[in-house]
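The lines below spell out each chain.
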Amino acid sequence: MTLKELSSEVKADLRNYFENRDYMVIAVPKKEPVRVYTLRATSAVETARRIHALSPGATVAMGRAMVAALLLTSLVKHASEQKVLLKIEGDGPIGSINVEADGKGRVRGFVSNPQVETYVKEVNGKKKIDVGKIVGSKGTLSVVKELRLGTPYMSVVPLVSGEIGEDLAYYYFQSEQIPVAVSVGVLVDKDGTVLHAGGLLVETMKGTSREAVDKLEERMFNLKPITDMMQEGKRPENITSEILDGLSPMLVGLKEIEYFCPCTEEIALRSFKSLPKEEVRELLSEGKVELTCKFCGRVYKFSEELLE
Ligand code: ZN
């Protein structure tokens with residue numbers, strides 16, 4: 001692990017390198033066993049909105065889940081073969097939300113009702129999209145960790161509020177025994193396009209000094225919603241510095257983030273062939289065989305010859 005001070009020079013480099021692309025910054029204080037993950041996923045969530053024709057309410061709910069899944073990759077190593085599957089099944093009108101993210105920052109997903117109504121609520125006199133109502137507060141959040149070797153590890157917790165950030169914090173505490181502070185947020189424009197999407201997670205491990213814990217707790221408590229900070233022009237590295245101010249923040253990792261679906265004709269064909277033989281025959285007798293990838297909407301067409 002290489003440690004690099006998160007200096008203003010490094011921050012300028014990050015800004016020049018990533019510009020408007022999405023990425024995650026992983027940082028630690030020099031002397032405390034704490035990890036901070038901060039990410040921007042604005043383009044990735046906008047891509048999801050366009051692929052699935054999401055309503056504003058669905059964009060915010062699915063976008064938050066995408067950010068949550070990307071944060072959950074803190075639980076797997078950086079190898080591309082390892083991934084995290086996040087499924088949120090609440091009693092709200094969106095139905096289930098399914099998202100996958102891997103150690104390389106690639107994310108994809110789908111929801112059962114992309115056109116869900118955009119419920120709003122008033123918070124401190126401001127209209128906000130009511131994610132809790134869209135997702136529902138009764139249900140489950142499940143996480144599957146697919147490691148390269150061995151069987152996948154699955155863990156399920158009940159939903160706390162359906163707001164996703166709180167639910168994720170509860171998952172970490174309940175299933176991983178890791179106390180975390182989490183913030184996930186998506187802000188959409190009037191026409192539904194994504195203005196900002198991002199998240200942060202602060203993990204405090206055993207051995208963190210009381211002083212550092214107090215400092216971090218106070219900061220997290222006073223921290224503005226992540227989309228407000230992004231609106232002010234703050235980037236992941238700036239938000240990280242703010243959280244770790246006075247604790248000598250060191251940069252330990254960077255990851256580019258993108259909406260990516262690795263589906264191919266070969267994979268689609270394989271899954272088609274795995275259907276029961278009679279079903280395959282029946283579909284072929286109807287003439288057209290089309291398979292649509294539920295993650296990216298790509299359509300694969302098969303002819304009889306291909307199936308021989
Ligand atoms: Zn696909």
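Residues numbered from 1 in each chain as written. Predicted model: local features only at pLDDT ≥ 70, side-chain atom pairs only at ≥ 80, totals over all residues. Heavy atoms only, no water.

(A) Structural detail: the coordination of the zinc ion. The protein atoms that coordinate the zinc ion are Cys 261 (SG), Cys 263 (SG), Cys 293 (SG) and Cys 296 (SG), at distances of 2.2 to 2.3 Å. Classification of the site at the zinc ion rests on its four donor atoms, whose angles at the metal span 101 to 114°, yielding the label tetrahedral. Binding-site remark: the zinc ion is held by donors from one chain whose sequence spacing is C-x1-C-x29-C-x2-C. Of the two residues, Cys 263 sits in the loop between strand E13 (249-259) and helix H9 (265-273) while Cys 296 sits in the loop between strand E14 (289-292) and strand E15 (299-302), which places them 33 residues apart along the sequence. (Donors = N, O, S within 2.8 Å, 3.2 Å for Na, K, Ca; no water. Tetrahedral: all angles 85-135°; square planar, octahedral: opposite > 155°, others 65-115°. Helix = DSSP H or I, 4+ residues; strand = E, 2+ residues; numbered from the N terminus.)

(B) Looking closely at the pattern of salt bridges. Applying the stated criterion across every chain, the model contains 18 salt bridges. Between Arg 40 and Asp 22 there is a salt bridge whose closest N-O contact spans 3.9 Å. You can see Arg 40 sitting in strand E3 (residues 34-40) and its partner Asp 22 sitting in strand E2 (residues 22-29), a full 18 residues away along the chain. Both residues of the pair, Arg 40 and Asp 22, belong to the buried class. Residue Lys 145 pairs with Glu 176 through a salt bridge whose shortest N-O separation is 3.2 Å. Of this pair, Lys 145 sits in strand E9 (residues 139-146) while Glu 176 sits in the loop between helix H5 (165-175) and strand E11 (180-188); the two residues are 31 residues apart in sequence, bridging distant segments of the chain. Salt bridges here are not isolated pairs; linked through shared partners, they connect Lys 83, Glu 100, Arg 108 and Glu 146. (Salt bridge = Lys/Arg side-chain N within 4 Å of Asp/Glu carboxyl O. Buried < 20%, exposed > 50% of the residue type's maximum accessible area, 1.4 Å probe, protein only.)

(C) Representation of the domain arrangement of the chain in the model. The domain boundaries assigned to the chain delineate domain 1 (4-259) and domain 2 (265-307). Look at where the C-alpha atoms of domain 1 and domain 2 centre, and you get two points 35 Å apart. Contacts between domain 1 and domain 2 engage seven residues on the former and four residues on the latter. Note on domain 1 versus domain 2: buried area summed over both sides is about 470 Å², and carbon and sulfur give 70% of it. Looking only at domain 1, the three residues that lose the most surface to domain 2 are Ile 51, Arg 108 and Phe 110, adding up to 71% of its buried area. Inspection of the region where domain 1 meets domain 2 yields zero salt bridges. (Domains from an automatic or database assignment. Contact = heavy atoms within 4.5 Å. Buried area = accessible area lost by both parts, 1.4 Å probe.)

(D) Just the layout of surface pockets, in detail. Size it by volume and the largest pocket reaches roughly 1100 Å³. Of all elements in the fold, only helix H3 (56-72), strand E7 (120-123), strand E8 (126-129), H5, E11 and helix H7 (226-231) reach the threshold of two or more residues within the lining of the largest pocket. If you tally residues by element for the lining of the largest pocket, the top one is E11, at seven residues. (1 Å grid on protein atoms, 1.4 Å probe; cavity = no way out; pocket = protein on both sides within 12 Å on 5 of 7 lines; lining within 4 Å. Points joined across faces, edges and corners; volume = space filled by probe spheres on them.)

(E) Region of the structure containing the side chain of Ser 175. Looking at where Ser 175 falls in the secondary structure, it is placed in helix H5. Side-chain polar atoms of Ser 175 contact the side chain of Ser 155, separated by 2.5 Å. Discounting chain neighbours no more than four positions away, the residues touching Ser 175 are Tyr 153, Ser 155, Val 157 and Tyr 170. (Polar contact = N/O pair within 3.5 Å; in protein donor to acceptor, adjacent residues only side chain to side chain.)

(F) Quick look at the pairing of E3. Burial analysis of E3 places six of its seven residues in the buried class, which makes it a mostly covered element. Hairpin connection, E2 to E3: the antiparallel pair is bridged by four residues. Here seven bridges tie E3 to strand E12 (residues 194-204), and the two strands are oriented antiparallel to one another. Bridge pairing in E12 places Tyr 37 opposite Leu 201. (Pairing = 2+ DSSP bridges.)

(G) Layout of the pairing of E11. Within E11, seven of the nine residues are buried, which leaves the element mostly enclosed by the surrounding structure. In sequence, E11 turns back onto E12 through a hairpin of five residues, with Gly 192 there showing a positive phi of about 95°.

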